[in-house]
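Each chain is listed here by its residues.
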Amino acid sequence: MNGYIINGGRRLGGRVRVHGAKNAVLPIMAAAVLSGDVCRIYDSPLLSDVIHTVKILETIGCSVSLEGDMLKIDALSADRWEIPEDLMREMRSSIIFLGALCGKMGKARLCSPGGCELGNRPIDLHLKALRELGIEIREENGFIEASCERMHPADIHLSFPSVGATENIILASVRLKGETTISNAAKEPEIVDMCDFLNKMGADISGAGTEFIRIKGKASLHGAEHKIIPDRIVASTLMCAAMTTKSEIELLNVRKEHLGAVVSVLRESGAKIEFFKDKMYIRAPEKALPADMIKTQVYPGFPTDAQSVVMAALCYSEGTSVIVENIFDSRYKIIPELKKMGADILQDARVAIIKGSSLRGARIRAMDLRGGAALTVAALGAQGESRLEGIEYIDRGYVKLEDMLNGLGADIVRV
Ligand code: UD1
């Protein structure tokens, strides 16, 4: 098993570039199938989830190559519509291929997806919406078979603005004759990025980033070039690393407009944060203040993906902070691990109460992607050595997190 040995207590300094967003590149890779052509995707982060998605693309007949950070997807020969169980079980976001295969091949066969264990992660909203588009979906023994013979445009209202369901509806309907609309759509920047890419491919999608999206079907799409937006969760993680180590660092390749909720909490905690074009500076306070109440919400609210790293930062504040996790019920798996480091955290269902103090190094284990990043951030500020297991989770969403942090002066060894 891979692990990190982290020697805590070192100040960070200098600058680091934030790589492209995992949650944008994955749906964009699926969207490339719809082009039936060659697409070039720049600033593609070479993450293990991206490598799994490459395998899925190859299984359905695409040829994929990586030149530096440019992912070239040739979908000219994409003609298969089945995704093997082992590839589907590897990660939750593979469900995005249900919409992409329906939109391109008119049928799909795949099984229920895997991914980080974040509690109940159903796909009922995806299936309900696709059925409203006239797609026949049969579920049997964990397999999903979709057939689009009677597919038609529809006005779909999502009872909850699910990111994945919004993406699946768009991918399924983008080549469908007529106009499909989504109300109460998810507004996450990664959805906007996917729609920007689709529009470059010749699609006609408007309203992405708002709660009402209009898709005017275009039968024929073509290849396109696109640069992935910066990863706002990687940026949040690095900001929290500055907080736990009481450091000043510079982040390159960030979008101020995507970071509002996290920046607001860190400013409340005493951080000085300044933006200049596509870069930012953060200077952490010597004595961080607690956060009154953080409630995770859909975008532009506080992102659930940044909740764990901010919890790690609040463990070092002077006072009591409260977090309410509203999106995923199992986001608190890091609490027992943080407690091994001396954290004082009380949890009751969705609420966590954090009494800030300082932490010490310990043997700890990551159990999901963002939890792994949070434990790394916590260990950076701790006195002494931490041994973190389960870093394969971190590799799903961060391109060599240890290199990014060591470049800033951290002492992390991958073993
Ligand atoms: C995406 C992100 C993930 C992020 C999440 C919320 C990707 C690859 N992943 O996940 O990093 O944490 O958005 O911002 O982009 N739900 C249902 N039924 C459904 C679908 C969702 O009940 O059919 C519930 C989920 O259980 C969860 C909530 O809706 O409680 C949010 O899920 P959703 O927005 O769909 O997140 P994902 O697309 O899975």
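Residues numbered from 1 in each chain as written. Predicted model: local features only at pLDDT ≥ 70, side-chain atom pairs only at ≥ 80, totals over all residues. Heavy atoms only, no water.

A.B. asks: Can you explain the nonpolar core? Please cite residues and give values.
C.D. replies: Formed by 78 residues in total, the largest nonpolar core has its most connected members in Phe97, Leu98, Leu133, Ile135, Ile170 and Leu198. Excluding residues that lie within four positions of it along the chain, Leu133 makes contacts with Arg150, Met151, His152, Pro153, Ala154, Ile156, Ile169, Ala172, Ser173, Leu176 and Thr180. In this structure, Val262, Ala288, Leu369 and Met404 belong to the second largest nonpolar core, which totals 74 residues. (Core = buried A, V, L, I, M, F, W, Y, C linked by side-chain atoms within 4.5 Å. Buried < 20%, exposed > 50% of the residue type's maximum accessible area, 1.4 Å probe, protein only. Contact = heavy atoms within 4.5 Å.)

A.B. asks: Describe in detail the environment of Leu176, supporting the description with residues and values.
C.D. replies: By the element assignment, Leu176 lies in the loop between α6 (163-173) and β10 (179-183). Sequence separation between Leu176 and Asp403 is 227 residues; the distance between their C-alpha atoms is 44 Å. Non-local contacts of Leu176, meaning those with residues more than four positions away in its chain, are made with Leu133, Met151, His152, Pro153 and Gly217. (Helix = DSSP H or I, 4+ residues; strand = E, 2+ residues; numbered from the N terminus.)

A.B. asks: Describe the site of the ligand, and please don't skip the residues or the numbers.
C.D. replies: The immediate surroundings of the ligand are formed by 20 residues, with Asp124, Leu125, Ser162, Asp305 and Ile327 found nearest. Within the side chain of Arg92, one N or O atom sits 3.2 Å away from an oxygen atom of the ligand. The contact in question runs from an oxygen atom of the ligand to an N or O atom on the side chain of Ser162, over 2.6 Å. For the ligand, whose unbound accessible area comes to 740 Å², protein coverage reaches 85%. (Near = heavy atom within 4 Å. Polar contact = N/O pair within 3.5 Å; in protein donor to acceptor, adjacent residues only side chain to side chain. Areas by Shrake-Rupley, 256 points an atom, 1.4 Å probe, with all protein chains shown as cover.)

A.B. asks: So, the pattern of salt bridges: which residues are in play, and what are the values?
C.D. replies: Going through the model one piece at a time under the given rule, you end up with 25 salt bridges. Residue Glu250 pairs with Lys279 through a salt bridge whose shortest N-O separation is 3.5 Å. Within this pair, whereas Glu250 is found in strand β14 (residues 248-252), its partner Lys279 is found in strand β16 (residues 279-283), the two being separated by 29 residues in sequence. Of the charged contacts in the structure, one is a salt bridge between Glu385 and Arg387, with a shortest N-O distance of 3.3 Å. Residue Glu385 is classed as partly exposed on the basis of its relative accessible area of 39%. Several salt bridges converge on common partners, so that one network encompasses Glu82, Arg109, Arg138 and Glu145. (Salt bridge = Lys/Arg side-chain N within 4 Å of Asp/Glu carboxyl O.)

A.B. asks: Pulling in residues and values, what's your account of the domain arrangement of the protein?
C.D. replies: Per the domain assignment, the segments of the protein are domain 1 (3-19 + 230-414) and domain 2 (22-227). Distance from the C-alpha centre of domain 1 to the C-alpha centre of domain 2: 30 Å. On the domain 2 side, the residues contacting the 26 residues of domain 1 number 25 residues. Summed over both partners, the interface of domain 1 with domain 2 comes to about 2000 Å²; 53% of that surface belongs to carbon and sulfur atoms. When residues of domain 1 are sorted by the area they lose upon contact with domain 2, Tyr299, Phe328 and Arg396 head the list and together hold 32% of the total. If you look at where domain 1 meets domain 2, you find 3 salt bridges. A salt bridge links Arg17 to Asp43; the nearest nitrogen and oxygen atoms lie 2.7 Å apart. The interface formed by domain 1 and domain 2 holds 7 residue pairs in polar contact (both at pLDDT 80 or more) in total. Residues that form the side of domain 1 that touches domain 2 fall into these classes: 9 nonpolar, 5 polar and 12 charged. (Domains from an automatic or database assignment. Buried area = accessible area lost by both parts, 1.4 Å probe. Nonpolar A, V, L, I, M, F, W, Y, C, P; charged D, E, K, R; others polar.)

A.B. asks: Can you explain the sheet that holds strand β18 (residues 320-324)? Please cite residues and give values.
C.D. replies: What the 4 strands build is an open sheet, ordered β17-β18-β20-β19; its pairing is mixed. Looking along the sheet, the strands with just one partner apiece sit at the ends: β17 (294-295) and β19 (344-348). The sheet strands contacting helix α10 (residues 304-314) are β17, β18, β19 and β20 (351-355), and the helix crosses β18 at an angle near 170°. (Pairing = 2+ DSSP bridges. Axes fitted to C-alpha atoms, helices over the stretch in contact; angles between N-to-C directions.)

A.B. asks: Can you lay out the side chain of Arg396 for me, pointing to particular residues and giving the numbers?
C.D. replies: Relative to the assigned elements, Arg396 resides in the loop between β22 (385-389) and α13 (401-406). We classify Arg396 as buried; its relative accessible area is 11%.

A.B. asks: Can you break down the packing of helix α5 (residues 124-132) against α6 residue by residue, with the values?
C.D. replies: Interhelical geometry of α5 versus α6 gives an angle of 25° and a closest axis separation of 8 Å. In terms of orientation, α5 and α6 fall into the roughly parallel class. Two packed elements cross with a definite hand, and for α5 against α6 that hand is right-handed. Contact residues: Leu125, His126, Ala129 and Leu130 in α5; Gly164, Ala165, Asn168, Ile169 and Ala172 in α6. The class makeup of the residues in the contact of α5 with α6 is 6 nonpolar, 3 polar and no charged. (Parallel < 35°, antiparallel > 145°, perpendicular 65-115°, else oblique. Left-handed = near helix turned anticlockwise from the far one by under 90°.)

A.B. asks: Report on the state of the cysteines, specifying residues and quantitative values.
C.D. replies: Evaluation of the coordinates by the stated rule reveals 0 disulfides. Looking at Cys39, it has no disulfide partner, and the nearest cysteine sulfur is the one in Cys62, 9.1 Å off. Judged by relative accessible area, which is 0%, Cys39 ranks as buried. Here Cys315 stays free of any disulfide, with the sulfur of Cys240 as its closest cysteine sulfur at 11 Å. (Disulfide = S-S within 2.5 Å.)

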